[in-house]
There are 2 protein chains.
Amino acid sequence: MRIVIADPLAYSDSFERALRAALPSTDFVRWPDLADGAEYDLLVAWHLPKEMIAVPRSLRAIFCFGAGTDQLLNDPRIPADLPIARLQDQGQAEQLLDYAMHAVFARLHDDVATRADQHARLWRLPHRQNRTRGSLRTAVLGLGPLGLHVARGLSAAGFPVSAWSRNPRRIDGVACLHGDEGLGPCVDGADVVVNLLPSRHETKGILSDWLFSRLAPGAYVVNLGRGDHLDEEALRAALDRGWLGAAWLDVFSVEPLPPEHWFWRHERIRLTPHRAGLPTPQGVAASIAAVVAALEQGRRLPGLVRSGEAD
Amino acid sequence: MRIVIADPLAYSDSFERALRAALPSTDFVRWPDLADGAEYDLLVAWHLPKEMIAVPRSLRAIFCFGAGTDQLLNDPRIPADLPIARLQDQGQAEQLLDYAMHAVFARLHDDVATRADQHARLWRLPHRQNRTRGSLRTAVLGLGPLGLHVARGLSAAGFPVSAWSRNPRRIDGVACLHGDEGLGPCVDGADVVVNLLPSRHETKGILSDWLFSRLAPGAYVVNLGRGDHLDEEALRAALDRGWLGAAWLDVFSVEPLPPEHWFWRHERIRLTPHRAGLPTPQGVAASIAAVVAALEQGRRLPGLVRSGEAD
């Protein structure tokens, strides 16, 4: 088994050590350190390198070095029948939960207003009572492995959670809604909405004026899905008229986010450079090892994705 | 039983309703709406009103409308043998835990650096890996009911916790240290230190240069105790040389914090106007009802405080 790694993040010592420990008899090569026309079995990449003209005919699968697969599903260089398996990394799921938790606590404490009061040197109690976790409604969009972990984690921490997916789901302690007619009821009155949907034609622009208008006043929008989920002009309008409290954005339609983009300087936006959930050496190694074992045994690949299938 | 309420926060409808529901046969009077020389049994106050010359001889106890009692213990108008019972309010404890959790998540995500990068329009990954809860060391100073709740809550959320108290304690999942020699080991290498000590002679200035120098680089200091716990000049020096990451301050030596104080405008300080843990109607009513029952039955008052005894 020969595996080609084509992701700079995976070139670090810690990733290499974890991969070699998990798959000691595997031949790992970094792209493009391989001979012209070299054959290999598995390609590990988040997106295909620009300079890669085609994948070799020997290729048996692509391992997506990340949770979102749209950038591979939409790549014309990849044959439609080539299996794509995506990363399943518990460490990444935990980071995304921590990011969501941070945003939820910021909403609980009305962080934007708190900082504005400090800036204005205002000593005041805007409310006689602080909000409690049980009073703060959260909504999670997307119930893939990551959304599921975030929904369960928020619920375990004591926040009421509703969640939305394409198909029906049941999760203890989470109000699950699905399908077109379920989206509105899922987000109605939510104080925080956390998006972890995959990027698909039907989810484009789902963070829209229609959705924002259903949230509670002062709600926070947390985008951990893809940049194209967000209607940017609707966000700006909802922030500027004070309807939304803040937006926490980790993903963008163009990455890196261009320096001239208004997101950078908006006082109600907190942005991070697509780093809310980074793959971990242990998680990547375990996930690749599971895919390799399935390939060798002719089993269905864990984390297998087809266009429109992942949720 | 006649109870005089002398705290503006307690004058709201929600507090009055909760009190009347918990103690239906009690006569509640707001200070100063009572006749000259009127007798009463229990005074509810966070501090004695300035205009109050003396407490009546009929007074059997003072109920401190807050967790910290120094402002009453140090008041010469209160006879030394008059029992003081302090608020024991689970809702307040939960708010303080939430405040600490928010600060801990902010440290986990290096919030000050994240915001600085955004301000500079820098798209970069400072680290290849995000920190995990299990790697973030927290230290809680003070193991009264509030410190205990915070220590347990941080530990339950997956953060390693050490805690410090005057006398030895044992708490599942928390590394407990005590006494003068225990303070250093408690805070050594901590990423966040949360102060919930009472204000006493021996705890004054405990958030000192000596303590800061033992923390991990970039640590956050969270002061939920009293303003006099903090050596302000040591804090400024440690923040400005970049040793401390941030300070989250809810309590101050002078309250309201004067508008000219440097805390307001320091970019590494997040301040709140002594509101991290507000008394709740249900918690106050239950706590006062417990004190009233103990008074009527001649039992030791719950939450009884004597100078230097509370921890």
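Residues numbered from 1 in each chain as written. Chains lettered and ligands numbered in written order. Predicted model: local features only at pLDDT ≥ 70, side-chain atom pairs only at ≥ 80, totals over all residues. Heavy atoms only, no water.

Here we take up the domain arrangement of chain A. Residues and elements named next belong to chain A. Each domain of chain A was delimited in the assignment, giving domain 1 (2-89 + 279-306) and domain 2 (90-271). The centre of domain 1, based on its C-alpha atoms, is set 32 Å off from the matching centre of domain 2. Residue-level contacts link 14 residues of domain 1 with 10 residues of domain 2. Across the domain 1 to domain 2 interface the summed buried area is about 890 Å²; carbon plus sulfur atoms make up 43%. On the domain 1 side of the contact with domain 2, A67, D70 and D89 bury the most area, a combined 48% of that side's loss. Between domain 1 and domain 2 we count one salt bridge in total. Between D70 and R226 there is a salt bridge, and its shortest N-O distance comes to 2.9 Å. Counting across the domain 1 and domain 2 interface gives six residue pairs in polar contact (both at pLDDT 80 or more). Considered class by class, the residues forming the side of domain 1 that touches domain 2 number six nonpolar, five polar and three charged. (Domains from an automatic or database assignment. Contact = heavy atoms within 4.5 Å. Buried area = accessible area lost by both parts, 1.4 Å probe. Salt bridge = Lys/Arg side-chain N within 4 Å of Asp/Glu carboxyl O. Polar contact = N/O pair within 3.5 Å; in protein donor to acceptor, adjacent residues only side chain to side chain. Nonpolar A, V, L, I, M, F, W, Y, C, P; charged D, E, K, R; others polar.)

What describes a pair of aromatic rings is the distance from one ring centre to the other and the angle between the planes of the rings. Within this structure, the stated rule accounts for 13 aromatic pairs over all chains. Between A:W123 and B:F252, the aromatic rings sit 5.6 Å apart at their centres with planes inclined by 70°, giving edge-to-face as the arrangement. Of this pair, A:W123 sits in the loop between α4 (111-119) and β6 (138-141) while B:F252 is found in the loop between β11 (244-249) and β12 (269-271), placing the two residues in two different chains. A:W123 gets classed as partly exposed once you look at its relative accessible area, which sits at 25%. If you follow A:R236 out to its NZ or CZ, it ends over the ring of A:W262, 4.5 Å from the centre. (Phe/Tyr/Trp six-rings, centres within 6.5 Å; stacked < 30°, edge-to-face > 60°. Helix = DSSP H or I, 4+ residues; strand = E, 2+ residues; numbered from the N terminus. Buried < 20%, exposed > 50% of the residue type's maximum accessible area, 1.4 Å probe, protein only. Lys NZ or Arg CZ within 6 Å of the ring centre and 35° of its normal.)

Let us look at the interface of chain B and chain A. Interfaces are frequently sized by the accessible area removed from exposure as the parts join. Taken together, the 54 residues of chain B in the interface contact 54 residues of chain A. The junction of chain B with chain A conceals about 4900 Å² of combined surface from both sides, 53% of it contributed by carbon and sulfur atoms. The three residues of chain B that bury the most area against chain A are B:Q118, B:R121 and B:W123, which together make up 18% of that side's buried surface. Linking chain B to chain A there are six salt bridges.

Counting residues in hydrophobic clusters, the biggest one holds 70 residues, and the most contacted among them are A:M101, A:V150, A:L154, B:M101, B:V150 and B:L154. The residues contacting A:L154, other than those within four sequence positions of it, are A:L97, A:M101, A:V104, A:T138, A:V140, A:F159 and A:V161. (Core = buried A, V, L, I, M, F, W, Y, C linked by side-chain atoms within 4.5 Å.)

Now for helix α4 (residues 111-119) of chain B. Those residues of α4(B) that fall on the buried side of the exposure criterion are B:D111, B:T114, B:D117 and B:Q118. Angularly, the buried residues of α4(B) cover 125° about the axis, an arc narrow enough to put them on a single face. Packed against the buried residues of α4(B) are α3 (90-108), α4 and β12 (269-271) of chain A together with α3 (90-108) and β10 (219-223) of chain B. In the segment just after α4(B), B:R121 is the residue with positive phi, at about 55°. (Arc of directions from axis to C-beta.)

Overlaying chain B on chain A yields an RMSD of 0.0 Å, the required transformation being a rotation through 180° with an accompanying axial translation of 0.0 Å. The symmetry that links the two subunits is that of a two-fold axis. Closest approach to the rotation axis among the C-alpha atoms of chain B is made by B:H102, whose C-alpha sits 3.2 Å away. Both copies present the same face, since 100% of the interface residues in chain B are matched by interface residues at the equivalent positions in chain A. (Least-squares fit on C-alpha atoms with pLDDT ≥ 70 in both.)

Before going further, it helps to spend a moment on the sheet that holds strand β13 (residues 304-305) of chain A. Residue and element names in this part refer to chain A. In space, the six strands of this open sheet follow the order β2-β1-β3-β4-β5-β13, with mixed pairing throughout. Edge strands, defined here as strands with exactly one partner in the open sheet, are β2 (27-30) and β13. Of the strand pairs in this sheet, strand β1 (residues 2-5) and strand β3 (residues 42-45) are connected by three bridges, and their pairing is parallel. Within the sheet, the bridge partner assigned to I5 lies in β3 and is V44. Across the face of the sheet, helix α9 (residues 281-297) comes into contact with β1, β3, β4 (61-64) and β5 (84-86) while running at roughly 160° to β3. (Pairing = 2+ DSSP bridges. Axes fitted to C-alpha atoms, helices over the stretch in contact; angles between N-to-C directions.)

A full pass over the atoms with the stated rule returns 31 salt bridges over all chains. In this structure, A:D191 engages A:R131 in a salt bridge whose closest nitrogen and oxygen atoms are separated by 3.0 Å. One end of the pair, A:D191, is in the loop between α6 (179-187) and β9 (192-195); the other, A:R131, is in the loop between α4 and β6, and 60 residues separate them in sequence. With relative accessibility at 4%, the residue A:D191 sits in the buried group. Overall, the relative accessible area of 28% leaves A:R131 in the partly exposed class. A salt bridge links B:E16 to B:R20, with the nearest nitrogen and oxygen atoms 3.9 Å apart. Within this pair, B:E16 and its partner B:R20 are both found in helix α1 (residues 13-22), separated by four residues, close to a single helical turn.

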